[in-house]
Protein chains: 2
Amino acid sequence: MELVKEALNGSERAIAQLITMVENELPGWMEAMKQVYPHTGNAYLIGFTGPTGSGKSTLVDRVALALHNQNYSIGIIAIDPSSPFTGGALLGDRVRMREVTDKEGVFIRSLGTRGGLGGISQATSDVIKILDASGKDCILIETIGIGQDEVEVVQIVDTSIVVSVPGLGDDIQTLKAGIMEIGDIFVVNKSDREGADHVVTMISAMLDLNPLTTVWRQPIVKTIATENQGIDELIEQIMLHRKHLTENDLLNAKRKERIGREITKLLEQKISQYVHDRIKGMHPFEDLIEQINNRENDPYSSVDILLNLLEEK
Amino acid sequence: MELVKEALNGSERAIAQLITMVENELPGWMEAMKQVYPHTGNAYLIGFTGPTGSGKSTLVDRVALALHNQNYSIGIIAIDPSSPFTGGALLGDRVRMREVTDKEGVFIRSLGTRGGLGGISQATSDVIKILDASGKDCILIETIGIGQDEVEVVQIVDTSIVVSVPGLGDDIQTLKAGIMEIGDIFVVNKSDREGADHVVTMISAMLDLNPLTTVWRQPIVKTIATENQGIDELIEQIMLHRKHLTENDLLNAKRKERIGREITKLLEQKISQYVHDRIKGMHPFEDLIEQINNRENDPYSSVDILLNLLEEK
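Cut-offs and rules
Residues numbered from 1 in each chain as written. Chains lettered and ligands numbered in written order. Predicted model: local features only at pLDDT ≥ 70, side-chain atom pairs only at ≥ 80, totals over all residues. Helix = DSSP H or I, 4+ residues; strand = E, 2+ residues; numbered from the N terminus. Buried ≥ 20, exposed ≤ 12 C-beta atoms within 10 Å, placed from the backbone. Pairing = 2+ DSSP bridges. Axes fitted to C-alpha atoms, helices over the stretch in contact; angles between N-to-C directions. Contact = placed C-beta atoms within 7 Å. Expected span 1.5 Å × (residues − 1). Arc of directions from axis to C-beta.

Caption draft 1: Expanded view of the overall build of chain A. Across its full length, chain A holds 13 helices and seven strands. Counting only residues that meet the buried cut, chain A has 50% of its 313 residues in that class.

Caption draft 2: Broad picture of the sheet that holds strand E3 (residues 106-111) of chain B. Residues and elements named next belong to chain B. Strands sit in the order E3-E2-E4-E1-E5-E6-E7 across an open sheet of seven strands; the sheet is parallel. Strands at the two margins of the open sheet, each flanked by one partner only, are E3 and strand E7 (220-222). On average, adjacent strands in this sheet sit at an angle of 20° to one another, irrespective of strand direction. As judged from the four bridges shared by strand E5 (residues 159-164) and strand E6 (residues 185-188), these two strands associate in the parallel manner. Following the sheet pairing, Val163 is matched in E6 by Val187. Sheet contacts for helix H4 (residues 56-69): strand E1 (44-49), strand E2 (74-79), E3, strand E4 (138-143), E5 and E6; angle to E4, the most-contacted strand, approximately 175°. Running over the sheet, helix H10 (residues 231-247) touches E1, E5, E6 and E7 and is turned about 170° from E6.

Caption draft 3: Fine view of the sheet that holds strand E3 (residues 106-111) of chain A. Residues and elements named next belong to chain A. Within the open sheet, the seven strands sit side by side as E3-E2-E4-E1-E5-E6-E7. Their pairing is parallel. Unpaired on one side and paired on the other, E3 and strand E7 (220-222) mark the two borders of the sheet. On average, each strand axis in the sheet is inclined to that of its neighbour by 20°, with strand direction left out of account. With six bridges connecting them, strand E2 (residues 74-79) and strand E4 (residues 138-143) associate as parallel partners.

Caption draft 4: Fine view of helix H9 (residues 196-208) of chain A. All names here are of chain A. Spanning 13 residues, H9 covers 19 Å between terminal C-alpha atoms, matching the ideal 18 Å at 1.5 Å per step. Buried within H9 are the following residues: Ala196, Val199 and Ile203. Along the long axis of H9, the arc covered by the buried residues comes to 60°, so they all point the same way. In H9, the exposed positions that point more than 90 degrees away from the buried face belong to Asp197, Thr201, Ser204, Ala205 and Asp208.

Caption draft 5: Geometry of the environment of B:Tyr72. All names here are of chain B. Note on placement: Tyr72 falls in the loop between H4 and E2. Residue class for Tyr72 comes out partly exposed when judged on the 17 C-beta atoms lying within 10 Å of it. Considering only alpha carbons, one finds Tyr72 and Val106, 34 residues apart in sequence, at a separation of 9.1 Å. In this structure Tyr72 touches Leu67, Asp137 and Cys138, once residues within four positions along its chain are discounted.

Dropping the structure here:
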């Protein structure tokens, strides 16, 4: 496919077109991804998660700039909360990234939820592959908020960075256990603000409780992204974590797990799609809804009825 | 089932046990839900969504108190971001709710992600049914953050309230289009803070752009939850929205759509589970991962191979 060839050669226009094609599942997208796949596996994937207001976009911007100055080529994926109506990603790319936008070899893309096969994690995973195959050395993935989506996204990166910030109101919410477990590196941004040391202490205390820390003790890095402070230390820690993964053969294990999850998910989605298409046309489906709404039937029993109908076909 | 009977009679202990049973998919949970279902359909469901730091928990607390004082019995479900390791909901119920906890007829529950059948939206939907069947008049559902999870939760409530707050840093993120579209009522909490009128103006401007507003013009209510200000007006707007839905036969249509989504999802999950169980035991699965990791194969082609294998069985 000509478009894939051009993207593999690094043409930004082709990369953007290819992503649009895959994101919208336009005809030929899967064939394109099959051609992209053999060229993947070289990029290092870094995820950034944290609450709104933590200055995550600026942090990603500064990390990208610093890596760019070290001659790494960079891809940035900013994941937007999805909208059930518009598919999200309305903000555009330029609103949230600043300085780094104009640099040579830096490619930025916002992503909403893809309607069809797979959710945001599959869309992200496909865009990562395209950027990876096009020759990017590091791909930075930024998510908003902490939820199931973000957890899934974290599972597809190599190093996961959790960004906190002092004074967000409910420290407990920001630092709860679920978030602790998905971080390889913790950043306290806006660390010139009052309460920064308190946040560091809280994270440290929670890490002490975490059994996972025996393998890799997650570092806590204080940054002031707007003033470029702490960025070098953060990059150093990212490189240390990468080294840790590589030396202990964990990177390979991590990536194999990821492949297993991805094909299981793709398979589930394909079967769901099939079921969905079949069921919508089935007369009993509408009848069942009516019956359930009248409390003459219940959702759980209906599923068995539908399963039996599908099996008969 | 004795436990279901006791829960239907309003025993808080039985309700709590039943929820635990369903949440953890303990033996008999689906049978219990089948018995619960015929008694549902009376509660009115109100959802609260908004970013961390918006004072949502306090707002829910005050709305619950006010409804309690109007002699409504209340259920509250607080949805926690999930953790891939612990299943979330570590915060406990008492941390986030205050005054309302001790009131007669008020039941509060935190929810994490359920591991098995269905995600957080199915778990929430089941807990709603239990509280509904146990005789609660209003069920308040509180989610953290805005993501796919929250969008799904919004789809299972009757009135959806989006909470904003002045000065959270990036107004654009808080008020982006995706969030606008899921709100029936908008609340600007902490409205004594600087910038509250600006937030109101922004929401109003975005609502003007929204084609959906022709049916129900979403009101914007200013509150100071900690001082109980604006709570009565908010409840008035909730009741107006309920009246709007009922009078235009939209409530029924909404609930039927919800049933359709629920059974489709339950069916997909059941099939996924089946596929998952089958595949894990299949030798080719591990081989495929190895091949994909070595770039001798790709995830998309593998799915077709696995589908063929499943069909042969």
